[in-house]
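Chain by chain, the residues run as shown.
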Amino acid sequence: MDTFLQQLVNGLTLGCVYAVVALGYTMVYGIVQLINFAHGEVVMIGAMVAFSVITALAGSGMPPLAIVLLSLLAAIPACMLVGYTVERIAYRPLRNAPRLAPLITAIGVSIILQHVALLIWGRNYIAFPQIVRTESYVLTTSVNSATITNIQIAIIVLSVVMMAGLIALIYKTRIGIAMRATSQNAAVAGLMGINVNSVISFTFIIGAGLGAVAGVMVGSYYGIAYYQMGFLLGLKAFSAAVLGGIGNLGGAVLGGLLIGVIEAFGAGYMGDVTNVCTLNQFLPGFAAMCDANSNASLLGSNYKEVYAFVVLILVLRFRPSGLLGERVSDRA
Amino acid sequence: MTHYIDHILPAPLRKHPAVFWVGVVLIAAALAVMPFVLVSHSMTSWVRITNFAILFVFLSLGLNIVVGFAGLLDLGYIAFYAVGAYVYALLASPHFGLHLPFWVILPIGAAVACLFGVLLGAPTLKLRGDYLAIVTLGFGEIVRIFMNNLSEPINITNGPKGIATIDSIKLFGLDFGTTTRIGDFAMPGLIKYYYLLMFMLIIIIIINLRLQNSRIGRAWEAIREDELAARAMGINTINLKLLAFAMGASFGGLAGGVFAAIQGFISPESFTLTESVMILAMVVLGGMGNIWGVVVGALLLSFVPELLRYTVEPAQKALFGRQIIEAEVLRMLIFGFAMVAMMLFRPAGLLPSAVRKRELARKAD
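So, how was this worked out
Residues numbered from 1 in each chain as written. Chains lettered and ligands numbered in written order. Predicted model: local features only at pLDDT ≥ 70, side-chain atom pairs only at ≥ 80, totals over all residues. Helix = DSSP H or I, 4+ residues; strand = E, 2+ residues; numbered from the N terminus. Buried ≥ 20, exposed ≤ 12 C-beta atoms within 10 Å, placed from the backbone. Contact = placed C-beta atoms within 7 Å. Rg over C-alpha atoms; globule rule 2.2 N^0.38 Å. Nonpolar A, V, L, I, M, F, W, Y, C, P; charged D, E, K, R; others polar. Expected span 1.5 Å × (residues − 1). Pairing = 2+ DSSP bridges. pLDDT = per-residue confidence, 0-100. Bend = angle between axes of the 7 residues up to and from the residue. Axes fitted to C-alpha atoms, helices over the stretch in contact; angles between N-to-C directions. Parallel < 35°, antiparallel > 145°, perpendicular 65-115°, else oblique. Left-handed = near helix turned anticlockwise from the far one by under 90°.

*Asks:* For this particular structure, what's the right way to read the overall build of chain B?
*Replies:* A tally of helices and strands in chain B yields 15 helices and six strands. By the burial criterion, 45% of the 365 residues in chain B qualify as buried. If you take every contact in chain B between residues at least 6 apart in sequence, the share linking residues at least 24 apart comes to 71%.

Printed below as a string of structure tokens:
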């Protein structure tokens with residue numbers, strides 16, 4: 001078994017999830033230039049609703065795939081409703097207010113969503129029922145091999161299908177044209193007969209729908225869900241959106257995949273790279289630590305949550321417009 | 001200040017300057033006697049709650065410099081508090097065997113927090129405010145992750161177990177951690193801390209008031225209201241934003257040091273996102289940029305949850321026979337709703353500052 005290929009597979013799976021969540025951030029940002037802090041919570045609600053449906057139906061003797069599908073069918077509208085309501089109540093009245101105001105309501109909304117979820121689903125980690133049996137397949141190249149599970153394959157396929165669907169929606173349909181027009185200039189789009197308010201609502205709804213699916217994917221991949229899961233996930237997905245260039249759909253996908261891979265490699269390799277015995281060969285002074293515990297490392301897998309954030313800081317420092325972004329991010 | 005009194009007093013007294021000072025003296029006397037009254041009515045825990053409420057006022061005033069004066073949203077403010085607390089804990093506890101005096105550590109803690117603020121602010125402050133918000137949000141979490149994990153290979157923070165038996169504050173030969181007895185008169189450590197905190201609070205409020213009306217304060221206000229125009233007027237916006245961020249961070253570090261000393265024990269659990277949100281809610285509720293408003297907001301949001309703890313939980317048990325909503329959850333819901341409702345209906349806060357009110361009521365272009 002080779003670490004490189006295995007971490008690549010894991011990283012790409014996770015990256016697909018980040019990409020789908022990042023699409024939600026970037027679409028909203030493209031249209032209203034607002035960071036929807038509550039998006040991570042929408043993903044969490046998706047995971048939680050799916051969890052409830054799966055748990056309720058798990059004993060019913062229905063085929064597992066049908067149950068998962070039903071859970072998606074419940075989670076998506078639930079999240080869409082949340083996304084719509086949040087936009088309608090917390091963001092729309094403040095669309096022309098100073099920038100600080102919608103940021104603060106966004107934080108308020110995400111605290112409310114978290115604690116409403118806490119009231120419904122409790123404070124503890126919830127074990128996501130694994131009703132679809134996990135099967136592993138071995139990938140082999142000429143030099144090395146790795147395993148990929150059916151869940152990972154499903155996540156990757158589902159993400160690609162959703163991204164393709166989203167691109168078709170935005171570039172091939174009337175509502176897509178309206179969305180692009182609104183993102184370029186909302187006032188002029190309004191003059192051209194586009195109902196800007198409903199286009200913005202629609203964008204939030206689509207983003208929330210994608211978030212719901214992402215929530216179900218994360219839940220089934222990690223096997224757990226809890227009321228604060230949206231926070232770090234949202235932060236990473238946002239980093240992905242910034243890395244790719246916020247407001248840019250292709251950028252969100254690229255950024256998501258990159259963040260996923262960086263995180264997987266960080267978790268897989270940084271422990272070995274910063275192992276005190278390895279460091280001892282290059283830098284004096286680690287000898288005592290190496291003698292004490294040869295497995296100790298400075299940055300073990302405990303730090304895997306840190307990498308996305310480091311990427312975010314580096315991107316903001318050196319290329320704030322992101323990899324594919326053209327717009328300058330300090331546009332007022 | 002005087003117009004609040006206008007409605008109570010008869011006409012001839014209204015404009016008299018002595019009225020104001022009589023009021024101040026009465027309030028000061030009430031605050032000085034309060035802890036003894038509380039202790040004598042066996043409500044010692046409320047002295048403790050008051051002490052922590054004052055600490056939250058410190059924090060809110062620090063965050064107010066960043067959010068209120070300069071208009072920058074900092075969502076990881078607790079990280080600076082954590083840095084200050086850990087600096088104090090590491091330099092004054094048996095963990096490393098160091099026992100530096102309070103006077104020495106406090107500036108170090110503030111300086112280290114300030115350094116973190118500059119490191120974080122420098123790459124992000126050139127960009128739009130949203131980025132700062134999300135980067136600070138991440139920073140708060142990262143600091144916590146490091147504090148949780150920096151216990152190996154070298155044990156620096158002692159990980160999730162935290163650092164215990166931190167030295168109490170000792171000033172002029174007076175140990176704030178123990179009870180002082182002068183004859184029959186006993187003064188518990190909590191009350192001594194109360195006076196110390198009150199004294200610090202007065203100084204911090206004065207600094208803030210002076211800061212707000214200074215050249216720097218006016219420059220911040222200009223940046224907050226229109227960055228482009230401020231730059232055109234010759235204000236170095238990036239440096240001044242960085243200064244606001246650094247000053248806010250050092251206030252946080254200072255409060256953290258005091259917290260570590262009073263509490264005697266710290267662990268990463270005290271420095272979560274929840275605390276950052278709580279402080280932000282205090283600033284927002286009181287009115288961003290309004291010093292007295294922020295003081296009121298912080299006191300309100302410190303005491304109301306404590307009152308809830310004593311009323312809501314027993315009330316639920318009495319009504320429904322079991323507890324449906326924990327006071328803790330209710331508290332967070334109140335914070336969330338307070339932030340949303342304040343922004344929607346009263347964006348300038350409960351006690352709005354005149355300038356801020358005008359600015360927030362104005363429709364942006």
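*Asks:* How should I be thinking about the overall build of chain A in this particular structure?
*Replies:* A tally of helices and strands in chain A yields 13 helices and four strands. Computed over C-alpha atoms, the radius of gyration of chain A comes to 21 Å, within 12% of the 20 Å expected from 2.2 N^0.38 for 332 residues, which places it in the range of a compact globule. Overall size of chain A, expressed as C-alpha extent along the three principal axes, is 70 × 55 × 45 Å. For chain A, contacts bridging at least 24 residues in sequence account for 76% of all contacts bridging at least 6.

*Asks:* How should I be thinking about unusual backbone geometry in this particular structure?
*Replies:* A negative phi angle is the norm for most residues apart from glycine, just as the trans form is the norm for most peptide bonds. Phi at A:Gln33 is positive, roughly 50 degrees, even though this residue is not glycine. Along the chain, the position of A:Gln33 falls in the loop between helix H1 (3-32) and helix H2 (39-57).

*Asks:* Even after reading the chapter, I still don't get the environment of B:Trp21, so can you show me in this structure?
*Replies:* Residues and elements named next belong to chain B. Looking at where Trp 21 falls in the secondary structure, it is placed in helix H3 (residues 17-40). By C-beta crowding, Trp 21 is classed as exposed, having 10 other C-beta atoms within 10 Å. Put simply, Trp 21 and Glu 328 are 307 residues apart on the chain and 40 Å apart in space, counted from C-alpha to C-alpha.

*Asks:* Help me understand the interface of chain B and chain A, please; the structure alone is not making it clear to me.
*Replies:* For an interface, size is often stated in terms of accessible area lost upon the parts coming together. The interface of chain B with chain A comprises 43 residues on the first partner and 43 residues on the second. The set of elements that each furnish at least two residues to the side of chain B that touches chain A consists of helix H6 (102-124), helix H7 (129-149), helix H12 (273-286), helix H14 (327-345) and helix H15 (354-361) of chain B. At twelve residues, H7(B) tops the list of elements feeding residues into the side of chain B that touches chain A. When its residues are assigned to classes, the side of chain B that touches chain A shows 30 nonpolar, six polar and seven charged.

*Asks:* Sorry if this is basic, but what is going on with the environment of B:Gly257 here?
*Replies:* Note on placement: B:Gly257 falls in helix H11 (residues 237-263). Using a count of 30 C-beta atoms within 10 Å as the deciding quantity, one classes B:Gly257 as buried.

*Asks:* When you look at H1(A) in this model, what are you seeing that I'm missing?
*Replies:* Note: α-helices contain 3.6 residues per turn, so residues at a spacing of three or four share the same orientation. For H1(A), which comprises 30 residues, the first-to-last C-alpha distance of 42 Å matches the rise-based estimate of 44 Å (1.5 Å per residue) to within 8%. Looking at the residues trailing H1(A), positive phi occurs at A:Gln33, about 50 degrees.

*Asks:* Looking at this structure, I do not really get the pairing of strand E2 (residues 136-140) of chain A. What am I missing?
*Replies:* On any regular strand, side chains alternate: one points to one face of the sheet, the next to the other face. Residues and elements named next belong to chain A. Burial analysis of E2 places just zero of its five residues in the buried class, a small minority of the element. Bridge count for E2 against strand E3 (residues 145-149) is five bridges, and the pairing is antiparallel. Bridging across to E3, Leu 139 finds its partner in Ala 146.

*Asks:* Mind showing me how you'd approach the confidence of the model for chain B here?
*Replies:* A low pLDDT score tells you not to read the predicted coordinates there in detail. On average, residues of chain B score 82 in pLDDT, and 89% of them are at 70 or above. Scored as a complex, the prediction yields pTM 0.84 and ipTM 0.82.

*Asks:* So what exactly am I meant to see when it comes to the environment of A:Ile262 here?
*Replies:* Residues and elements named next belong to chain A. Within the secondary structure layout, Ile 262 lies in helix H10 (residues 249-273). Since 20 C-beta atoms lie within 10 Å of it, Ile 262 is described here as buried. Sequence-wise, Ile 262 and Gln 7 are 255 residues apart; in three dimensions their C-alpha atoms are separated by 9.4 Å.

*Asks:* I keep staring at H10(A) and nothing clicks. Help me out?
*Replies:* If you check H10(A), its first and last C-alpha atoms are 34 Å apart, about what 25 residues at 1.5 Å a residue would give, namely 36 Å. At A:Ala267, H10(A) shows its maximal kink, close to 35 degrees.

*Asks:* When you look at the packing of H6(B) against H11(B) in this model, what are you seeing that I'm missing?
*Replies:* To characterise two packed helices, one gives the angle between the axes of the helices and the distance between these axes. Residue and element names in this part refer to chain B. Two numbers describe how H6 lies on H11: the axes approach to 7 Å, and their chain directions differ by 140 degrees. With respect to H11, the element H6 is oriented oblique. Read as a crossing pair, H6 and H11 show a hand that is right-handed. The residue makeup of the contact of H6 with H11, split by class, is 16 nonpolar, nine polar and no charged.

*Asks:* What exactly am I supposed to notice about the packing of helix H4 (residues 44-69) of chain B against helix H8 (residues 189-212) of chain B here?
*Replies:* Residue and element names in this part refer to chain B. Running from N to C, H4 and H8 cross one another at 15 degrees; their axes reach a closest spacing of 10 Å. Taken as axis vectors, H4 and H8 run roughly parallel relative to one another. Pair H4 / H8 crosses with left-handed handedness. Residue-level inspection shows Thr 44, Val 47, Arg 48, Thr 50, Asn 51, Ile 54, Leu 55, Val 57, Phe 58, Leu 61 and Phe 69 of H4 in contact with H8, the latter providing Leu 190, Ile 191, Tyr 193, Tyr 194, Leu 197, Met 198, Leu 201, Ile 204, Asn 208 and Gln 212. Of the residues in the contact of H4 with H8, the class split is 15 nonpolar, five polar and one charged.

*Asks:* I would appreciate a short explanation of the confidence of the model for chain A in the present structure.
*Replies:* Residues and elements named next belong to chain A. Here chain A averages 85 in pLDDT, while 91% of its residues score no lower than 70. Within chain A, the element-level pLDDT minimum falls on helix H12 (residues 287-292), averaging 68, and the maximum on helix H8 (residues 196-222), averaging 92. Within the model, pLDDT remains below 50 along residues 328-332, and this stretch shows eleven contacts once partners closer than five positions in the same chain are excluded.

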